[in-house]
Structure formats: C-alpha cells, structure tokens
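# Inside the fold
Spelled out, the chains give:
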Amino acid sequence: MFSIHATRQLRDFALDVAFSVEQGETLVLIGENGAGKSTVLNLISGILAPDRGELILGERTLFSSEKGINIPTERRNIGHLFQSYALFPHMTVAENVAFGLRCRKISKPEIAASVAEHLGAMRLAELADVNVGRLSGGQRQRVALARALVLEPELLLLDEPLAAVDMRAKSAMRKELRVQIANAGIPCIVVTHTLQDVRELADRICLIEGGRIAADGAPEEVLGMQENGFIASFVEG
Amino acid sequence: MIFTLLVAVLLSLFLLFVTIPVASLFLRIAPEAFIRSLTEPVVLDALSLSLVTATISTVIVVIFGTPLALANARYDYPGRDIVDTLTDLPIVLPPAVAGIALLMAFGRRGVVGQYLDLFGIHIAFTTVAVILAQVFVASPFYIRQAKASFEAVDRLYEDAARTLGASPWTVAFRVTIPLAWGGLISGAILSFARALGEFGATIMFAGNYQGRTQTMPLAIYTTMQGDLDAAISLAIILVVISFAVIATVKVVTRRKF
C-alpha cells in the first residue's frame, strides 16, 4: 500500500495531489502534457521533494514535511522507469541490470545468478553482453524493467512505458508488461497518453488537470466522464 | 569565383605561416646532430625534469579540479560565478604576472612563504616551485574542459542511478565520471601540454637551475645562446609531443555515446 499527499509550487501552477495505491493494484495517471504527471512520479521516487506533504510506502514514511523526514532516493527502494529508459550507455545489458545490485552489499555470485535469472525471464539472455546502444525500443524497455525489478522494489513507477517501442511490437509488449506487473504483486503507477495502455493496464485511473486530481476511479467510470474535454478527446483517440 | 580564390590564397598564406617555422626546426639540424644532442646532460636533465614535473602537476590538477568542476557543473551555490572566474583567471593572466604573484605569496619573505620559512620550508627556486607554477597556469585547461564534459552528461542517468540505490559517491564514480571520461582525458592532456610548455612563471618563481628547475622551455632559452643544436633538439621534442597531444585529444573526444 502506498499513499501520497503532496504539494509543490511548479513554474505555472501549484501541484497538489493526494491518492493511494493498494498492493498489486495498478493506477494509471492520465492528463494533458504538462499537467504534472511525470512530476508526481519524481516526487514519489525522491528526485524532487514536495514543498509540503507526506509519502508512506508500506510501514515506512518516505517523506513528511511535518516530521522532517525525507528518505533519499537511493534508499526508497522504488523502481522508476523513465520515458527514455535512461539505460547507462557505457554499460552492457547485463551491467545495466547488475547496477543496482552492485550498489548493495551482495556477493558477486549472487549478483550474477540474480541477473541471469531476470535476463532469462525477460528473454534478454542472449543480449547480456551487448552494449545498450544497439538495442531496439522494445529491448530497451525490457532491460529497464529488468534493471528495476531485479531489486525487488516495493513500488513500481512507469513513465510512458511503451512510448519508445515500435508500433508493431506495442500490443505484445503491453500484454507482457501486464504480466510482469501482476507477477511483481506490488503497487504500480503508470503515466500514459494512450487509451490502449489504460484499457490493458489500469485497475484504476487518476485524471490530473493543472496539477490537481480531477477524477479518481474505476476505468469505465472515469472514461465515461464524456462531459470532461480531455476524457472526450482521449476516448475518441 | 573571386571569393573562393581569395579564401584559398588567405588559407595557403596562413598555413605556410604556421608550418614554415615548425618545418624550419627540422631543416636546420642534421639527424646525427639531433641524435648527438639527445645524449647531452643539459637536454636529458631538462627532458626528465619536464616530464616528471608536468606529470605531477597534471595529477594535482586532476585531483583538485575534478570535484571542483563537478560541483560547479551540478550545483548552484552562492559565489559559484566568482569561483568560475577565479579558476579561469590564469588563462588570461600573463605568465610573468603569475610568476611574480607566486613569488610574492611563496617566496622567502612572501605572504605565506615567511611562515613556511619559520619551519625551514623553502619553496621558491626549487622543483616544488616548478610544479606550483605549472599547476597555477595549467589548471584552467583541465577544469574548463571537465566542467563542460560534466554539464554534457544528461542528469537523467544520475537520477536513474539514484533510484537504483546508488549513493552520490557511486553516482559520481560509476555514472557521471565514466560518461564524461573522454572530456576529462582530453582536458588532462591539454593541461599536461600547457604545463610542459610553461616558461615565464617558472623562470621567475623557480629560477633556471639545470637538473632542479630547468625545464625544457628554459633549457631551450639557455642553450640557444651557446649550443643551438641542443636548443633545436629540445624544440623538436616539444613539437612532436604537441602533435601527439592534438592527435590524442582528437581521438579521445570522438563521441562514443
């Protein structure tokens, strides 16, 4: 279970969001470009700090302006996939996946075993020693996902997870992603611009408009709000 | 048409102006004389002193300059612009000014030197002074290049590394520095080359003692008055090193990522 209540003054408006995500639940954030969706993910993973608010993940308080708590990003144990995946260009696929494990006190054989297992599960075993610069969009997405999941995160953040994947591979990748998220069994927050992502991945939807949550509910409920301009054009495609 | 011709003429004249003097060095000395000069103590002393001091000063510049460049590239703090200006200052400062300034600071009766003197520590006119002079004039070449290279590293990689559990140290050593590597190396090479060529500040602050403070440029200046072959030989060695520096920087700065 993860919950957030946070405010932060952005350049054009004040971001003010509050929501929670259950264990094994996938929450999808939708809204216009610049509405603050990616910023919400950055606030959760700790890349940005809220001006005020509280973030609680399981038993841990990650951030609390009241109690003066701000756990640094590296100790939050949150998997954060960036839109461009941010794979380290100076490392191979296996080195990318091993990166987080190497930051922890884990023995080399254990790291190797864990990396091999996750590469196998993501059908990346044959690419282990390839430099990430030579991968396709879909392969990059799987490496980024493996790199995050190998650390057994307590929360998964996905920013436009399929935006850089080729059109033809998208549908299959989306189904695969659904399975990966379900297997992880942790709360998951996805930012997306595409209706297919919402239909395939969402257990619940939050609509963010101008830094505020304009709607929060089951997919059919939120997508049914045809009186909302964004929803109307979103569903139209 | 006329424009093209004009450009071609200007270009040729300029290339000749640069290459003729360098070529003249090679034309004015017989290969045997060059080889013979290489065994002369004044040449060997200068060569080894130059290589040793320039290497040490480059290491010092890298050790102090890397954290400084990284901090200035990544963090905004009060006075950052002042720090940037001060680190750049030696580039525009005439070497003679650097020489007398170092003497006023670290000379026997200098602002700092008078206290070092109480402990029996003398810096001016020693090999240490040679190194200090080189660090002073060469540091901006590394720091500027290092800062630019760090700024060119996308912060996204650093953010990603932190979400994967990397401490700020790990981020610096496993992500930022490796991604800026080519720029850091070329900055260090440029800094080394500048240290190797340092003349003005060295002769004023360290003096001109063979084997202790007489680096290659100083030895060229000294031997030119008597043994021209030795002077030309040293000059040729510096030309070769300069070419190697340019070539290495070109190769290293080719973007890999």
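This one's a predicted model, so the numbers in the text were calculated from it and none came from an experiment.

About the criteria used
- Residues numbered from 1 in each chain as written.
- Chains lettered and ligands numbered in written order.
- Predicted model: local features only at pLDDT ≥ 70, side-chain atom pairs only at ≥ 80, totals over all residues.
- Helix = DSSP H or I, 4+ residues; strand = E, 2+ residues; numbered from the N terminus.
- Buried ≥ 20, exposed ≤ 12 C-beta atoms within 10 Å, placed from the backbone.
- Domains from an automatic or database assignment.
- Contact = placed C-beta atoms within 7 Å.
- Nonpolar A, V, L, I, M, F, W, Y, C, P; charged D, E, K, R; others polar.
- Axes fitted to C-alpha atoms, helices over the stretch in contact; angles between N-to-C directions.
- Parallel < 35°, antiparallel > 145°, perpendicular 65-115°, else oblique.

Turning to unusual backbone geometry, a few remarks are in order. All names here are of chain A. For N77, which is not glycine, the phi torsion reads 60° and is therefore positive. Mapped onto the elements, N77 comes out in the loop between β6 (69-70) and β7 (78-81). Note on N77: 19 C-beta atoms within 10 Å, which makes it partly exposed. Here the phi dihedral of Y85 falls at roughly 75°; this positive angle occurs in a residue that is not glycine.

Residue and element names in this part refer to chain B. Domain boundaries assigned for chain B yield domain 1 (1-33) and domain 2 (38-252). Each partner contributes to the interface: domain 1 provides 6 residues, whereas domain 2 provides 6 residues. The biggest single contributor to the side of domain 1 that touches domain 2 is helix α1 (residues 2-27), with 3 residues. In terms of residue class, the side of domain 1 that touches domain 2 is built from 5 nonpolar, no polar and 1 charged.

As a further point, take the interface of chain A and chain B. Contacts between chain A and chain B engage 19 residues on the former and 15 residues on the latter. Going through the elements one at a time, β7 and α2 (93-102) of chain A are the ones with two or more residues in the side of chain A that touches chain B. For the side of chain A that touches chain B, a count of residues per class yields 9 nonpolar, 7 polar and 3 charged.

Here R147 of chain A shows up in helix α4 (residues 137-149). Between the alpha carbons of R147 of chain A and V93 of chain A there is a distance of 9.0 Å; along the sequence they are 54 residues apart. Discounting residues that sit within four places of it in the chain, R147 of chain A has contacts with N96, V97, F99 and G100 of chain A together with L164 of chain B.

Below, the discussion takes up the packing of α4 of chain A against helix α5 (residues 167-184) of chain A. Residue and element names in this part refer to chain A. At their nearest, the axes of α4 and α5 sit 11 Å apart, and the two run at 5° to each other. Viewed along their axes, α4 and α5 adopt a mutual orientation that is roughly parallel. Where α4 abuts α5, its residues G138, Q141, L145 and L149 lie against A169, M173, Q180 and A184. Here the residues of the contact of α4 with α5 are counted per class, giving 5 nonpolar, 3 polar and no charged.

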